[in-house]
Amino acid sequence: MSKSRFGSLQGPRSGGLAVLLALVVAGCVGSSATIGPSAAPPASPAPESTLLAPGSFGPSPTPESTSPVIVPSTPPSAAPSVAPSEAPSTEPSAGPTPAPTPFAFGDTDKATGLKATMLQVGDWTATTAPTFDVVLTWKTPTSPDTVVRVEGITKCYAPADVTGQDCVTPTTRFAGKTIVLIAHAPASARTVKWTWPAWEEIGEPVATDGPHDFYGIIVTFTTGSTVKVVLLDSSQTCPGCAY
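To start, this report covers the structure provided alongside it. No experiment lies behind these values; they were computed from the predicted model shown.

Some words on the sheet that holds strand 4 (residues 147-153)
Okay, so step 1: Pairing within the open sheet is antiparallel, and its four strands lie in the order 5-4-9-10. With one partner strand each, in any of the chains shown, strand 5 (179-186) and strand 10 (226-234) form the two edges of the open sheet. This sheet shows a mean twist of 20° between the axes of neighbouring strands, independent of strand direction.
Okay, so step 2: The pairing of strand 4 with strand 5 spans seven bridges and is classified as antiparallel.

Comments concerning the sheet that holds strand 6 (residues 191-197)
Okay, so step 1: Within the open sheet, the four strands sit side by side as 1-2-3-6. Their pairing is antiparallel. Edge strands, defined here as strands with exactly one partner in the open sheet, are strand 1 (103-109) and strand 6. The sheet shows a mean angle of 15° between the axes of neighbouring strands, taken without regard to direction.
Okay, so step 2: Across seven bridges, the pairing between strand 3 (residues 131-137) and strand 6 is antiparallel. Counted as the bridge partner of Asp 133 is Thr 195 from strand 6.

Concerning the pairing of strand 1
Okay, so step 1: Across four bridges, strand 1 lies against strand 2 (residues 114-121) in antiparallel orientation. Looking across to strand 2, one finds that Ala 104 is bridged to Thr 117.
Okay, so step 2: Where strand 1 hands over to strand 2, the hairpin turn is made up of four residues, of which Gly 113 adopts a positive phi near 70°.

Rules of the game
- Once a new chain begins, its residue numbering starts again from 1 and follows that chain's sequence as written.
- Totals for whole chains, interfaces and linings use every residue, but because this is a predicted model, local features are given only for residues with pLDDT of at least 70 and side-chain atom pairs only at 80 or more, for both listing and counting.
- Water and hydrogen atoms were dropped before computing side-chain values, which therefore reflect all heavy atoms in the structure.
- In this description, strands pair whenever DSSP reports at least two bridges between them.
- Secondary structure elements follow DSSP: runs of H or I of four or more residues count as helices, runs of E of two or more count as strands, with numbering from the N terminus.
- What counts as an axis is a line fitted to C-alpha atoms, over the stretch in contact for a helix, and the angles between N-to-C directions run from 0 to 180 degrees.

Below, the structure written as structure tokens:
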């Protein structure tokens, strides 16, 4: 009877022991996880600056705003206006300035073939005033012993109250102080030349050399004691005329 009592008590005790062991193991596992305050996870170390090797790529840049950019539209340019071409000028183009030509000065003497021409050199637009180049020629006499003189008369010998009279004539008797030698040459040269400053308006005189106004120009042919006078040019009296 006692054996069966012990036997009946053995089965339940082993089963309870197994349950107890299971609870103890479970308690140990749970207590190891909950003992003490929870430890915070270690902070991640700050990233150190990274040196990029040549050719390597760093982190992608943060994309900027992707808002669309509005570009103002450019107004169309106006078409260039075409100016009407000018009509060709019908005026003739100015050619080269013609060379000045000599003109007659004074009268011609038939007996000697004496004549004079004058040529203006230069013009009045230049800084230097032009000149008159005068050339006197004759046919006779041609003897080398004959001297040809061109003389200017600085006085009008005609009466001042008479109009239209020659100031100088071939027969006028001249005072020496009124005679100015202009040029001279031997008759054999058959020509003589001289230059005067050009003039535009000098009044009653027929010519001027600057210091002297000439009321007559005479040419003398002197051979020994013989003198032949030829009147080349003379001014005329004009009382009351304004110059």
